[in-house]
Amino acid sequence: IAPENYDSKCISILCSACQQGIYPYHLLYHKKTHKALTLLGFDSPQTQTDNKTLLTQRQKLISKLTRTPKYFETQRQKIDYSFEFLIGNHTSTSYCDLANIDNPSTSKKINNSLIKAVSICQDRNSTWQGEMEDRFIVLDSYGNRSDTCFLGLVDGSHGATAAETVAAELPLLFLDQLAQTDSSYKKSKDEQQILDSFATVIKADYREKEKIFSDKPGNDETNKTNTYEWIHKAYAKSFWRMDRLLRLGRNEVSKVHWSGCSAVTCLLERIPSKDTDSTEEEEIKHSENTTHSPLARTAKGAAGLLHVANIGNAHAVLCKNGRSHCLSKEHSTSNASERKRILQNGGNISTNEPDGLVEGYLRTTRGLGHHGDPVLKRSVIPVPHTVSVLIDDTCQFLILASNGLWEVLDYNEVLALTLTTFTHYLRMYQCVHQNGTLPSKCQYLMPLTEDNLNDSKTIKDLRNRLEILHSNEDIFLTDSKGNLKQNKPKYSRRNYLQSEDRTVSPVGSKPPPQFEENTKMYPFKCKSRTAGRGRVTSETLYDNAASYISEQLVKMALAAGSRDNITILIVLLNGCDKI
């Protein structure tokens, strides 16, 4: 049964295991049920079981376990815990008040023709965390280049010191590496002064060491096909140097375990479109810095390039043609290759659930910082995963998020939620434009203008009072008293958004004089040439939509049982207007 106080909490999440629609506040127990059934040996996640069947299966597994030569008590405990969970009556409750989050979303203005809007939303998750350790990076006109921006998200661990330092200095180190190869990247005097101050730390002997790390041997044939290898090397060197700077321990509190962080960064640049053929599989092609296989050709109609580097468990997901493409790699003990690397190099992974901890302390196997413990640092390396991806009009969203989101939702679930909330917002927007007022009883009628769309109170009222439970044909509205009314749209959302300019005014009344000449709505796919008072621009629409999506994703993660800080950076790309 859906809750009475409806917001996007009514939006269900399609479980990636059983393909059932689950409300977010049910998702934690739903996934635990899947895990318990799998551990008890039931093949299908949709298996319907009664207590007798569960008891029989438990006895069967324990009998088989006790006959094995190597018997561990922890294995029996897992079986017992799964059995007790499935026969227990668990009530699904959320860990937080979904109506409020610590920090409302923040929109960032980016002058980039590839981007329609950027929004960041964060929540400390006060139930489980005492401090917000995440940081984000949004830099426009990066390197003094138009249509080039640098985005990043830093997920702090055991303190925020390392995350703060990385957010401030990693973009400078990366820019320094880019400028050495491409003269179009420019550094300001202040930036150069900061970089010069690092020379006392990054000395000649250290520069010699980093050549072994980033300058990989390759023949001429490889260099010809590996167009973006120099950017991957720039990423590698900047991460390597950033980790060296963190060895100074500036502002660290603990003398034993210094703070560290995971990070995901994106360099988005516009390129001239070239008419060369390329398949979608070639467009999404990963290139870790231990291989020679980055994308080499420019796809037909490509508008830009996205270069991504990640380390640890902060991730980037690209929505392209309604499909999710993970552009990052999980560097944690759940990764079999990472576990093998650590164990082969003499490291230790504890038996902590679910996948163990490096040296009994840390789940991530790669990261920046953590220099207080030399034994731990031997296993946790500052080697990023890098990838270059072509951006065209089929790319719709780019989502950067910290571990607080990914620990409870997978990439496909996040993509489905993003598409759903974006569509949900457009339907709210369309409904208000059709009626001209908020669908609730008011003593006054409020014309929809750029001013009141930007007003936070108006947007909050819109979200609190407007309920839309939509099917393919109908839009259902409920007023503030919960009375359900059906309103069939006269035309589809696509036709509406692509239609000619329309005058927005309250139903059955003329617009007030001050708005009479300026209430025209420009077509959805076009930017208005002017933004006069009272005019709703597409820029306003996209900014509010991005803010709405980021806030709802944070709320979904909280409802699904996240125990970590949550930071989400959502980027609306040009392809989103085709949804």
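Residues numbered from 1 in each chain as written. Predicted model: local features only at pLDDT ≥ 70, side-chain atom pairs only at ≥ 80, totals over all residues. Heavy atoms only, no water.

(A) Layout of the packing of aromatic side chains. Here the structure, examined in full by the defined rule, presents eight aromatic pairs. Centroid distance Phe397 to Phe422: 5.4 Å. Interplanar angle 80°. Geometry classified as edge-to-face. Of this pair, Phe397 sits in strand 13 (residues 395–401) while Phe422 sits in helix 13 (residues 411–435), and the two are 25 residues apart along the sequence. This pair shows no difference in class: Phe397 is buried, exactly as Phe422 is. Residues Trp406 and Tyr411 carry aromatic rings whose centres are separated by 5.2 Å and whose planes lie at 65° to one another, so their mutual orientation is edge-to-face. For Trp406, a relative accessible area of 12% gives the class buried. One aromatic cluster is present, formed by Tyr142, Phe150, Phe174, Tyr235 and Phe239 through successive ring pairs. Positioned above the aromatic ring of Phe83, the side-chain terminus of Arg58 is 5.5 Å from the ring centre. The ring of Trp128 is capped by Arg563, whose NZ or CZ atom sits 4.0 Å from the centre of that ring. (Phe/Tyr/Trp six-rings, centres within 6.5 Å; stacked < 30°, edge-to-face > 60°. Helix = DSSP H or I, 4+ residues; strand = E, 2+ residues; numbered from the N terminus. Buried < 20%, exposed > 50% of the residue type's maximum accessible area, 1.4 Å probe, protein only. Lys NZ or Arg CZ within 6 Å of the ring centre and 35° of its normal.)

(B) Structural detail: the side chain of Asn335. Inspection of the secondary structure assignment puts Asn335 in the loop between strand 10 (323–326) and helix 10 (336–344). For Asn335, a relative accessible area of 15% translates into the label buried. Looking at Asn335, its side chain comes within polar contact range of the side chain of Ser337, at 2.6 Å. Look past the residues within four positions of Asn335 in its chain and what remains in contact with it is Lys329 and Glu330. (Polar contact = N/O pair within 3.5 Å; in protein donor to acceptor, adjacent residues only side chain to side chain. Contact = heavy atoms within 4.5 Å.)

(C) Region of interest: the packing of helix 4 (residues 161–181) against helix 8 (residues 229–246). Relative to each other, helix 4 and helix 8 sit at 140°, their axes nearing to 8 Å. One finds that helix 4 runs oblique with respect to helix 8. Crossing angle aside, the handedness with which helix 4 passes helix 8 is right-handed. Contacts between helix 4 and helix 8 involve Ala162, Thr165, Val166, Glu169, Leu170, Leu173, Phe174, Asp176, Gln177, Leu178 and Thr181 from the former and Trp230, Ile231, Ala234, Tyr235, Lys237, Ser238, Phe239, Arg241, Met242, Leu245 and Leu246 from the latter. (Axes fitted to C-alpha atoms, helices over the stretch in contact; angles between N-to-C directions. Parallel < 35°, antiparallel > 145°, perpendicular 65-115°, else oblique. Left-handed = near helix turned anticlockwise from the far one by under 90°.)

(D) Region of the structure containing the nonpolar core. If you look at the biggest cluster of nonpolar residues, it comprises 41 residues, and the most contacted ones within it are Phe397, Leu405, Leu409, Phe422, Ile568 and Leu572. Counting only elements with at least two residues in this core, the list comes to strand 4 (115–123), strand 9 (315–320), strand 13, helix 12 (403–406), helix 13, helix 18 (538–559) and strand 19 (566–573). No other element matches the eleven residues that helix 18 contributes to this core. If we skip the residues at most four places from it in the chain, Leu405 touches Val414, Leu553, Ala557 and Ile568. Ranked by size, the runner-up nonpolar core spans 33 residues in total, among them Val166, Leu172, Ile231 and Ile311. (Core = buried A, V, L, I, M, F, W, Y, C linked by side-chain atoms within 4.5 Å.)

(E) Looking closely at the environment of Ala17. Position of Ala17 relative to the elements: it lies in the loop between strand 1 (13–14) and strand 2 (21–22). On the accessibility criterion, Ala17 (44% relative accessible area) is partly exposed. Sequence separation between Ala17 and Ser44 is 27 residues; the distance between their C-alpha atoms is 9.3 Å.

(F) Spatial organisation of the packing of helix 1 (residues 24–39) against helix 3 (residues 73–87). Interaxial distance between helix 1 and helix 3 falls to 9 Å at its minimum, and their mutual angle equals 130°. The orientation of helix 1 relative to helix 3 falls into the category oblique. Considering how the two elements wind past one another, helix 1 and helix 3 form a crossing that is left-handed. Of the residues in helix 3, those touching helix 1 at Tyr29, Lys32, Thr33, Ala36, Leu37 and Leu39 are Lys78, Ile79, Ser82, Phe85 and Leu86.

(G) Quick peek at the pairing of strand 10. Note: strand 9 against strand 10, four bridges, orientation antiparallel. Bridge assignment links Leu318 to a residue of strand 10, and that residue is His325. (Pairing = 2+ DSSP bridges.)

(H) Up close: helix 1. Taking 1.5 Å of rise per residue, the 16 residues of helix 1 would be expected to cover 22 Å, and the 23 Å separating its terminal C-alpha atoms lies within 8% of that figure. All of the buried residues in helix 1 are Pro24, Tyr25, Leu27, Leu28, Tyr29, His30, His34, Ala36 and Leu37. Remark: Gly41 follows helix 1 within two positions and exhibits a positive phi of approximately 95°. (Expected span 1.5 Å × (residues − 1).)

(I) Main features of unusual backbone geometry. Positive phi values are uncommon outside glycine, yet Asp147 reaches one of about 60°. Within the secondary structure, Asp147 is located in the loop between strand 5 (134–139) and strand 6 (148–157).

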